[in-house]
Structures are given as structure tokens and as C-alpha cells.
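Here is what each chain is made of, one letter per residue.
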Amino acid sequence: MSQAAEANRPTALLVIDVQEGNVRPEGWPQYWVANQDGLLANLQSLIVKARAAGSEVIYIQHAESDWPEMAPGAPQFEVVPEIAPDPDDKRFTKWYSDSFVETGLGEYLDERGHKHFVAAGVASNFCIDSTTRSAVFKGYNVTLAIDAHSTSGNSALTAEQIIAGENAVLPNLAGPGGATVSGKTTDEIEFAPAEGASA
Amino acid sequence: VPDGDRPLPHALLVVDVQEAMFGPKQQPPVYRADETVARIKALLDKARSAGAKVVYIQHHDRKDPKMAPGQPGFAIRAAIAPHPGETVVVKRICDSFAQTNLEQILRESGVERLVTCGIQSDFCVDAATRGAMNRGFEVILASDAHTTWDNGILTAAQISAHINATLPEMSGVGPNIRVLPTADIEFAPIGD
């Protein structure tokens, strides 16, 4: 592989909001995200690939100020055990849809030299969409894992329509410095080592 | 707070309603083009007569020669052209707040609450609406005054309906986004 090809690869995986209360909220089956088995299997694959390449796995967890079940420490706030973080993984708690708002995520990515990351998790039309847009408009390159994000349906569209719609829209976005969003399947995504990684 | 008792918006943001969006040569016009422009005209009339601030956003697309300053396609749609003295902000990135002085203009004008409308629902209108919310503004999306094109997966009507359903559920720095039809939107003068 050429150095140029490696330079274009992501050096981090952002696992966004894959928490009990988002994936399969207790008592709210209508909000369970679609295709849970496929979603979690693909997230597992991405995590394994990222770690094997020496890329950094970063977890984002969503907290709700007016929803005690989704407060930090509550059971529904936890990342689902199928893809639980390793003890040393960096974790951010956010209170808003956009993972960059009031979290320090941008500063952390910059400190670690991450210019390109993979976005995966839930929910496609909220935190995946908001985080991807925010990142590319700030100049980060984003690879959207098109088969590793999910949501539930709303009054306008089914979950499958929303997911396909995000996969059609987000890769058209562009940002400063030539930043782009590319949509790839889990199988297509290849990672590169983070700066300072030994892999 | 019941919607009728909420403080009224101080500004109208008209996003990317430029001649190139209306065809005819290289693309079909946006979905429901004339109806959308008519509603934006109604919003402009209400905003101006109330003394609210009107801000136009104009997209300069480096990859699309039709969307460069000086080209006919770059011009704001004639039917809703800015009045003399109104603010026009040119952007090069989908997000109206990215690398522009839009936030500064709004703050210096005393705008805390604003209405978004324009083209395209799923790109620059969505981005402006999310972007304003995350800068602490209280935002109303005019549900029937934004439009787009079919994208091969979803129809324009589905996309716009989806945006209207999704944005109020988002959380951000400002209050939750409200989605109201043009007929239900009224403005307040700047400073009110």
C-alpha cells in the first residue's frame, strides 16, 4: 500500500451513543433502533479492525438533563455490553446531539492528531448526522460507516428510509481545507495507526 | 410555554434561494419551487413590516461555475431579491456559520431568535438550523418554506417531511427547534 493511501485512512473510530437507552430503551419498544443484530455485529467488526490497525477507539455517550434514566451512572446510560469499551478507551459524555458541543472532543482529536475518523452508532438522523456535519464543517474528514449506524422510524419515514437517506446525503458534504465525508461499508473500511501508536 | 405565548423571532434567514436552483437547463427546478418562493415572500413581507432583520445567505460553489459570483445562477431569485440595505452573507461551505461573519452579524443586531427557510432542506437549511441552535439561538424552521430535490433514495417531499420531523427532536445549546408553517409565523422588531 502506498503512503498516500494510508494517509487517507482514518486513525480513529467514534462509537456514538450505542447505549442501552438509545439502542433498546427499556419500556419504549417503538424507539428501539432497527437492525440491532447487524448494527452491533458491524460495530464489533469495526472495533476489532480499528484496534488491530493501531487506530484509536473513542466512545461517545449521550446524557439527558431532563431524563434521569439517561444520566451518567444510570443503567440505561451504559454502552451496550456487546461493544463495551476497554478500560483505557477514551470516553466523552455529551448533552447535545452534536458530539462536538461542549465536550472537548475537537480539542482531543487535534491533540492526538486525528484528522480523519469513522463515525458509527446511533441515531442516524440525530447524533450521527449532527456529529458528521459538525466535523466536516470544522475541517475533519469523516468516513461514515453506512452499515453501522441505525435509528428508529418517525412520522415521515421508516428507519430503513432514514438510514438510506443519510447515506445518500452526508457523503455530499464538504468542509474547509478540502474536508469530505465518504460513505463505506464495514468491510470496505480500513484504518491507519494513530500518531504514536505502536501497531 | 404554549406556542402562542413564546417570544417572537427577530430575524429571517433566507438560505440559498438562488436562480440556479430553478433550472431550466441543467437540472429540474427544486420541488414545489413556486410555492416555496411564495411562502418565503410571505415571510419576508411579515419580517420587514415587523421591523425584524432579514439576512440572505448566498452559496458560492467553487465546483459549479453557475454558482459563482457574477453568474446569473448565483443571483438571489428575482421574485424575492433583497431590498437595498439588507444583509447578504456569501458562504462557500454548506453551513452558513462556517467561515462567515453570520453569527457576529446576528449578535451585533441583537438577534436571539430567528426563522430559517430556503434551499436545500437536507443540506444548507438543515445545517443553518442546527448551526443556529448550537450557537444558542432560538430557531423556528418554516415547515413549508424549504425545499430540495429527490436524491435517488427519497423524494423531495419525503426529505422535507423528514427534516420537519427530526429537527424538533434534536437537542442543542439553544432551546429545541420549533417547526411552524408560514401562516403561523410572526416576527418582532429587533431589540424587542
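Heads up: the structure comes first, above all this text.
These notes cover the structure that comes with them. What you see is a predicted model, and the numbers here were worked out from it, not measured in a lab.

What follows covers the overall build of chain A. On a plain count of helices and strands, chain A comes out with six helices and six strands. Across chain A, contacts joining residues at least 24 apart in sequence account for 77% of those joining residues at least 6 apart. Carbon and sulfur atoms form 50% of the exposed surface of chain A, whose accessible area is close to 8,300 Å². Within chain A, one finds 12 positive and 27 negative side-chain charges whose respective centroids are separated by 6 Å.

Now for the nonpolar core. With 84 residues, the main nonpolar core has L13(A), I83(A), F117(A) and L114(B) as its most contacted residues. Setting aside residues no more than four positions away along its own chain, F117(A) makes contact with P10(A), A12(A), L14(A), F100(A), L109(A), A135(A), Y140(A), N141(A), V142(A) and T143(A). Judged by nonpolar contacts, the second largest core, of 29 residues, contains V14(B), A20(B), I119(B) and A142(B).

We now examine the interface of chain A and chain B. In this complex, chain A contributes 29 residues to the contact, which on the side of chain B involves 24 residues. With both chains or domains summed, chain A and chain B bury close to 2,000 Å², and 64% of this area falls on carbon and sulfur atoms. Area buried by chain A at its contact with chain B is led by F126(A), R133(A) and F137(A), which between them contribute 24% of it. The residue D126(B) makes a salt bridge to R133(A) at a minimum N-O spacing of 3.4 Å. Broken down by secondary-structure element, the contributors of at least two residues to the side of chain A that touches chain B are α5 (124-138) and α6 (159-169) of chain A. With seven residues, α6(A) is the largest single contributor of residues to the side of chain A that touches chain B.

On to the sheet that holds strand β3 (residues 87-91) of chain B. All names here are of chain B. Pairing is parallel across the open sheet formed by six strands, whose spatial order is β3-β2-β1-β4-β5-β6. Of all strands in the sheet, those with a lone pairing partner are β3 and β6 (178-180), marking the two edges. The sheet shows a mean angle of 25° between the axes of neighbouring strands, taken without regard to direction. Sheet topology places strand β2 (residues 53-59) next to β3; five bridges connect them, and they run parallel. Residue pairing for β3: Q58 is matched across the bridge by V90. Relative to the sheet, helix α3 (residues 121-134) contacts β1 (11-15), β3, β4 (113-119) and β5 (138-147), its axis offset from that of β5 by approximately 170°. Relative to β5, helix α4 (residues 156-166) is tilted by about 165°, and along the sheet it contacts β5 and β6.

Residues and elements named next belong to chain A. What the six strands build is an open sheet, ordered β3-β2-β1-β4-β5-β6; its pairing is parallel. The two strands at the open ends of the sheet, each matched to only one other strand, are β3 (90-94) and β6 (181-184). Pairs of neighbouring strands in the sheet enclose a mean axial angle of 25°, with direction left out of account. The pairing of strand β1 (residues 12-16) with strand β2 (residues 56-62) spans five bridges and is classified as parallel. When the sheet's bridge partners are listed, L14 is paired in β2 with I58. With respect to the sheet, helix α3 (residues 36-53) is in contact with β1, β2, β4 (116-122) and β5 (141-150), its orientation differing from that of β5 by roughly 145°. Packed on one face of the sheet, α5 meets β1, β2, β3, β4, β5 and β6 and runs near 170° to β5.

With that settled, consider the side chain of H146(B). Residue and element names in this part refer to chain B. With respect to the helices, strands and loops of the structure, H146 is situated in strand β5. A relative accessible area of 4% means that H146 is categorised as buried. Side-chain polar atoms of H146 contact the side chain of S121, separated by 2.7 Å. Here the side chain of H146 touches S143 through a polar contact of 3.5 Å, landing on its backbone oxygen. Residues within four places of H146 in sequence aside, it is in contact with T36, G118, S121, V125, L141, S160, I163 and N164.

Our focus in this paragraph is empty space enclosed by the protein. Empty space among the atoms becomes visible once a probe the size of a water molecule is rolled across them. Using the criterion set out here, one finds one cavity of 30 Å³ or more in the structure. In this structure, the largest cavity spans a volume of roughly 130 Å³. In this structure, the largest cavity is lined by 17 residues; those nearest its centre are E166(A), V169(A), D122(B), H162(B) and I163(B). Among the elements of the structure, α5 and α6 of chain A together with α3 and α4 of chain B are those that each provide at least two residues to the lining of the largest cavity. Classifying every residue of the lining of the largest cavity by side-chain character gives six nonpolar, five polar and six charged.

Definitions and limits used
- Residues numbered from 1 in each chain as written.
- Chains lettered and ligands numbered in written order.
- Predicted model: local features only at pLDDT ≥ 70, side-chain atom pairs only at ≥ 80, totals over all residues.
- Heavy atoms only, no water.
- Helix = DSSP H or I, 4+ residues; strand = E, 2+ residues; numbered from the N terminus.
- Contact = heavy atoms within 4.5 Å.
- Areas by Shrake-Rupley, 256 points an atom, 1.4 Å probe, with all protein chains shown as cover.
- Lys, Arg positive; Asp, Glu negative; His and termini not counted.
- Charge placed at Lys NZ, Arg CZ, Asp CG, Glu CD.
- Core = buried A, V, L, I, M, F, W, Y, C linked by side-chain atoms within 4.5 Å.
- Buried < 20%, exposed > 50% of the residue type's maximum accessible area, 1.4 Å probe, protein only.
- Buried area = accessible area lost by both parts, 1.4 Å probe.
- Salt bridge = Lys/Arg side-chain N within 4 Å of Asp/Glu carboxyl O.
- Pairing = 2+ DSSP bridges.
- Axes fitted to C-alpha atoms, helices over the stretch in contact; angles between N-to-C directions.
- Polar contact = N/O pair within 3.5 Å; in protein donor to acceptor, adjacent residues only side chain to side chain.
- 1 Å grid on protein atoms, 1.4 Å probe; cavity = no way out; pocket = protein on both sides within 12 Å on 5 of 7 lines; lining within 4 Å.
- Points joined across faces, edges and corners; volume = space filled by probe spheres on them.
- Nonpolar A, V, L, I, M, F, W, Y, C, P; charged D, E, K, R; others polar.

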